[in-house]
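Survey of secondary and tertiary structure
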Amino acid sequence: MAYLKTAPRRYFLEFVGAALFLLGLGGLHGYLHTHGASHALVTAVTLLALIPVALIGLAVWRLYAGRDEMQRQDMLKVAAAGGLMSLLLLMAWPFLRPLGMPDLSRMITLVVLSGSFIVCGTVYELRRTWEASGPVRAILRVLPLLLVPLLPVLYWAAAPWFGWPALTFPRGVLLAGLGGLIGGLYRAIRPADQ
């Protein structure tokens, strides 16, 4: 059953590859749009973005298929909790607008969706490991995932001291993604018994 141990690593590599492909297409789309490329070329690059999205879906499916029955149930529980959390946040968003929340853009929707799944997965992993191995082991296990919010916070705190530009929402999302990439890379290459 070696595939049970290699499935998370394979998933990580497939996911990161597809995400980088998607990011590259986004950059190419922005470049073509600002430099006056033909409408047909911009549309083709836009439609080409469906390929990495499908590859991400395939990577998630392969991860699910490469798990045992208990791990599949865990994945479904996290997916259900993350879906419910994102649904509730997106439904409540218009009512939070008078409190100063920004307009619900595509970027914010993507951050809410992915953030909900990350938070639910982290809480579930923390709870499960806490019950099985104790608090110290549980905290060490989820520590790499804490890099996701930590990098934007560190940048925000250090920016005035070093004269860096202010932390904007896109820059914060990029730093959070970098934190997720570093944490995921650590989880993918660390020994399986840790």
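Look above for the structure.
Described in the following lines is the structure provided in the data block. (Residues numbered from 1 in each chain as written. Predicted model: local features only at pLDDT ≥ 70, side-chain atom pairs only at ≥ 80, totals over all residues. Heavy atoms only, no water.)

Quick look at the overall build of the chain now. Looking only at helices and strands, one finds eight helices and zero strands in the chain. Ordered by position from the N terminus, the helices and strands of the chain form the series α-α-α-α-α-α-α-α. Taking the principal axes of its C-alpha atoms as reference, the chain extends roughly 55 × 40 × 35 Å. Across the 194 residues in the chain, those meeting the buried criterion constitute 24%. Of the contacts made within the chain by residues no fewer than 6 positions apart, 60% connect residues no fewer than 24 positions apart. Of the roughly 12,900 Å² that the chain leaves accessible, carbon and sulfur atoms contribute 75%. For the chain, the separation between the mean place of its 16 positive charges and that of its 8 negative charges on side chains is 5 Å. (Helix = DSSP H or I, 4+ residues; strand = E, 2+ residues; numbered from the N terminus. Buried < 20%, exposed > 50% of the residue type's maximum accessible area, 1.4 Å probe, protein only. Contact = heavy atoms within 4.5 Å. Areas by Shrake-Rupley, 256 points an atom, 1.4 Å probe, with all protein chains shown as cover. Lys, Arg positive; Asp, Glu negative; His and termini not counted. Charge placed at Lys NZ, Arg CZ, Asp CG, Glu CD.)

Before going further, it helps to spend a moment on a nonpolar patch on the surface. There is a patch of nonpolar side chains on the surface, built from Phe21, Leu48, Ile51, Leu55, Leu58 and Trp61 and spanning about 550 Å² of accessible area. Here the nonpolar patch gets four residues from one element, more than from any other, and that element is helix 3 (residues 50–65). Ile51 gets classed as partly exposed once you look at its relative accessible area, which sits at 41%. (Patch = residues over 30% accessible without salt bridge, like charges linked within 9 Å, V, L, I, M, F, W, Y side chains within 5 Å. Salt bridge = Lys/Arg side-chain N within 4 Å of Asp/Glu carboxyl O.)

A few words now on the packing of helix 3 against helix 4 (residues 69–96). Taken N-terminus to C-terminus, the directions of helix 3 and helix 4 make an angle of 140°; their axes are 9 Å apart at the nearest point. One finds that helix 3 runs oblique with respect to helix 4. Contact residues: Val60, Leu63, Tyr64 and Ala65 in helix 3; Arg72, Met75 and Leu76 in helix 4. Residues of the contact of helix 3 with helix 4, tallied by class, amount to six nonpolar, no polar and one charged. (Axes fitted to C-alpha atoms, helices over the stretch in contact; angles between N-to-C directions. Parallel < 35°, antiparallel > 145°, perpendicular 65-115°, else oblique. Nonpolar A, V, L, I, M, F, W, Y, C, P; charged D, E, K, R; others polar.)

Let us look at the nonpolar core. Formed by Leu25, Leu32, Val42, Val45 and Ala49, the largest nonpolar core amounts to five residues. If you list the elements that add at least two residues to this core, you get helix 1 (2–34) and helix 2 (39–48). Those residues in contact with Ala49, other than ones at most four positions away along the chain, are Leu22 and Leu25. (Core = buried A, V, L, I, M, F, W, Y, C linked by side-chain atoms within 4.5 Å.)

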